[in-house]
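Here is what each chain is made of, one letter per residue.
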Amino acid sequence: MTDDLAARLAAVDARIDVAAAAVGRNPAGITRIVVTKFHQAELVAELHALGVRDVGENRQQELTAKSELLRRFDDLRWHFIGQAQTNKARAIRESASAVHSVDRPRIAEALDAVGGETLDVLLQVNLTEDPARGGVAPSGLEGLAEHVLSACPTLRLRGVMAVAPLHEAPASAFERLAGHSSRVRSVAPDADWISAGMTGDFVEAIAAGATHLRIGSAITGPRPERR
Ligand SMILES: *Cc1c(COP(=O)(O)O)cnc(C)c1O
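Residues numbered from 1 in each chain as written. Predicted model: local features only at pLDDT ≥ 70, side-chain atom pairs only at ≥ 80, totals over all residues. Heavy atoms only, no water.

Remarks on the packing of helix 5 (residues 105-114) against helix 6 (residues 141-151)
Here is the rule: What counts as an axis is a line fitted to C-alpha atoms, over the stretch in contact for a helix, and the angles between N-to-C directions run from 0 to 180 degrees. Each helix corresponds to a stretch of at least 4 residues labelled H or I by DSSP, and each strand to a stretch of at least 2 residues labelled E; elements are numbered beginning at the N terminus. Here the angle decides the label: under 35 degrees means roughly parallel, over 145 means roughly antiparallel, 65 to 115 means roughly perpendicular, and every other value means oblique. In this scheme the handedness of a crossing depends on how the near helix is turned from the far one: anticlockwise by less than a right angle means left-handed, clockwise means right-handed. Between two residues, a contact is recorded if the distance between any of their heavy atoms is within 4.5 Å. Residues are sorted three ways: Asp, Glu, Lys and Arg are charged, Ala, Val, Leu, Ile, Met, Phe, Trp, Tyr, Cys and Pro are nonpolar, and all the rest, Gly among them, are polar.
Relative orientation of the contacting elements helix 5 and helix 6 amounts to 20°, with a least axis distance of 10 Å. With respect to each other, helix 5 and helix 6 are oriented roughly parallel. As for the relative orientation of helix 5 and helix 6, their crossing is right-handed in sense. Mapping the contact onto sequence places Pro 105, Ala 108, Glu 109 and Asp 112 in helix 5 and Leu 144, His 147, Val 148 and Ala 151 in helix 6. Here the residues of the contact of helix 5 with helix 6 are counted per class, giving 5 nonpolar, 1 polar and 2 charged.

Considerations on the side chain of Asp 112
What counts, and what does not: When a residue's accessible area, from a 1.4 Å probe over protein chains only, is under 20% of the maximum for its type it is buried; when over 50% it is exposed; and in between it is partly exposed. In this tally, Asp and Glu contribute negative charge and Lys and Arg positive charge; neither His nor the terminal groups of the chain are included. By salt bridge we mean one thing: a side-chain nitrogen of Lys or Arg within 4 Å of a carboxyl oxygen of Asp or Glu.
With respect to the helices, strands and loops of the structure, Asp 112 is situated in helix 5. Put simply, Asp 112 is tucked away with no salt bridge, and the nearest opposite charge, on Arg 93, sits 4.8 Å away. The residues contacting Asp 112, other than those within four sequence positions of it, are Arg 93, Ala 151, Cys 152, Pro 153, Thr 154 and Leu 155.

Describing the pairing of strand 8 (residues 212-215)
Within a regular strand, side chains alternate between the sheet's two faces. Here is the rule: DSSP calls a pair of strands paired once it identifies at least 2 bridges connecting them.
Both faces of strand 8 are covered, namely the face carrying His 212 and Arg 214 and the face carrying Leu 213 and Ile 215. Taken together, the 4 bridges between strand 1 (residues 31-35) and strand 8 define a ladder with parallel strand orientation. Bridge pairing links Ile 33 to Arg 214 in strand 8.

Observations regarding unusual backbone geometry
Phi angles above zero are rare outside glycine, and Phe 38 is one such case at about 75°. Tracing the backbone through its elements, the reader meets Phe 38 in the loop between strand 1 and helix 2 (41-49). What makes Phe 38 buried here is its relative accessible area of 11%.

Regarding the pattern of salt bridges
For the coordinates displayed, the defined rule picks out 10 salt bridges. Glu 62 is the salt-bridge partner of Arg 59, the closest N and O atoms lying 3.4 Å from each other. The class for Arg 59 is partly exposed, based on a relative accessible area of 26%. The partner of Glu 142 in a salt bridge is Arg 183, with the nearest N and O atoms 2.6 Å apart. Here the residue Glu 142 occupies a position in helix 6, and Arg 183 occupies one in helix 7 (residues 170-187), the gap between them amounting to 41 residues. The exposure class assigned to Glu 142 is partly exposed, which follows from its relative accessible area of 25%. On the accessibility criterion, Arg 183 (24% relative accessible area) is partly exposed. Connected through salt bridges with shared partners, the residues Glu 57, Arg 59, Glu 62 and Lys 66 form a single ionic network.

Some details on helix 5
What helix 5 keeps buried is the set Ile 107, Ala 108, Ala 110, Leu 111 and Asp 112. Lining the buried residues of helix 5 we find helix 4 (89-95), strand 4 (98-102), strand 5 (119-124), helix 6 and strand 6 (155-161). At the exit of helix 5 stands Gly 115, carrying a positive phi of roughly 75°.

Things to note about the site of the ligand
Where we set the bar: Proximity criterion: a residue is near a molecule or strand once any of its heavy atoms comes within 4 Å of it. Contacts described as polar in this section are N or O atom pairs within 3.5 Å, which, within protein, must combine one atom able to donate a hydrogen with one able to accept it, while residues neighboring in sequence count only if both atoms come from side chains. Each accessible area is a Shrake-Rupley result for a 1.4 Å probe, and residues are judged covered by the shown protein chains and nothing else.
Near the ligand you find Val 35, Lys 37, Asn 58, Ile 81, Met 198, Thr 199, Arg 214, Ile 215, Gly 216, Ser 217 and Arg 223, and these make up its full shell. Arg 214 places a polar side-chain atom, nitrogen or oxygen, 2.9 Å from a nitrogen atom of the ligand. Within the side chain of Arg 223, one N or O atom sits 2.8 Å away from an oxygen atom of the ligand. About the coverage of the ligand: the protein hides 88% of its 390 Å² of free accessible area. Here the shell around the ligand is built from residues that sort into 4 nonpolar, 4 polar and 3 charged.

None of this, on its own, says anything about what the molecule does.
If you want it as structure tokens, here you go:
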């Protein structure tokens, strides 16, 4: 089991290195987050033994449960990548070191109101025309960035996050995301993280400048049924 996991992790990391080299990027500037949603905490422990330090979860209940079970690994960084609800802000903040899915002022305010150590946040941008897909519309991006900067002193704006649309080549969608990233940096020059790229499209994301990849099934294997 761990052997297969180690082999898949190594294979993905090798592909990341190749993709970075192909576009003249240093892979050291790319953080590979392993998305462990629906998997048991045990799998996260195995990943930790293989050197993984950044893991991603998309549901607050799972984030809370696994991070509590694995509290002994105090060097694990939990990235929250799912739709965030304001009434879950406290629980998210207690476990996550970064929230990739801030897409409206109210969730930023709710996370900020919890207080505590500075929390890294990214603004999720909707690259589709469908408002149900989550993420702020590109036209609202600077406004949301300014809101986080001016009204949420315990949040540190780190950059942008997006999921490629289903019916568009990821390369062109990620090119747009790179443009959105530079718009955010015109408001917040340090916010240079670009969280993009999953199992099916991380090579294109690297070519478009992604700094944080969120890779699940290529590393973990198929996800079990949602529990
Ligand atoms: C599940 C998920 C991923 C990882 O998906 P894979 O295709 O398994 O790599 C990445 N980002 C988000 C937001 C997710 O929900």
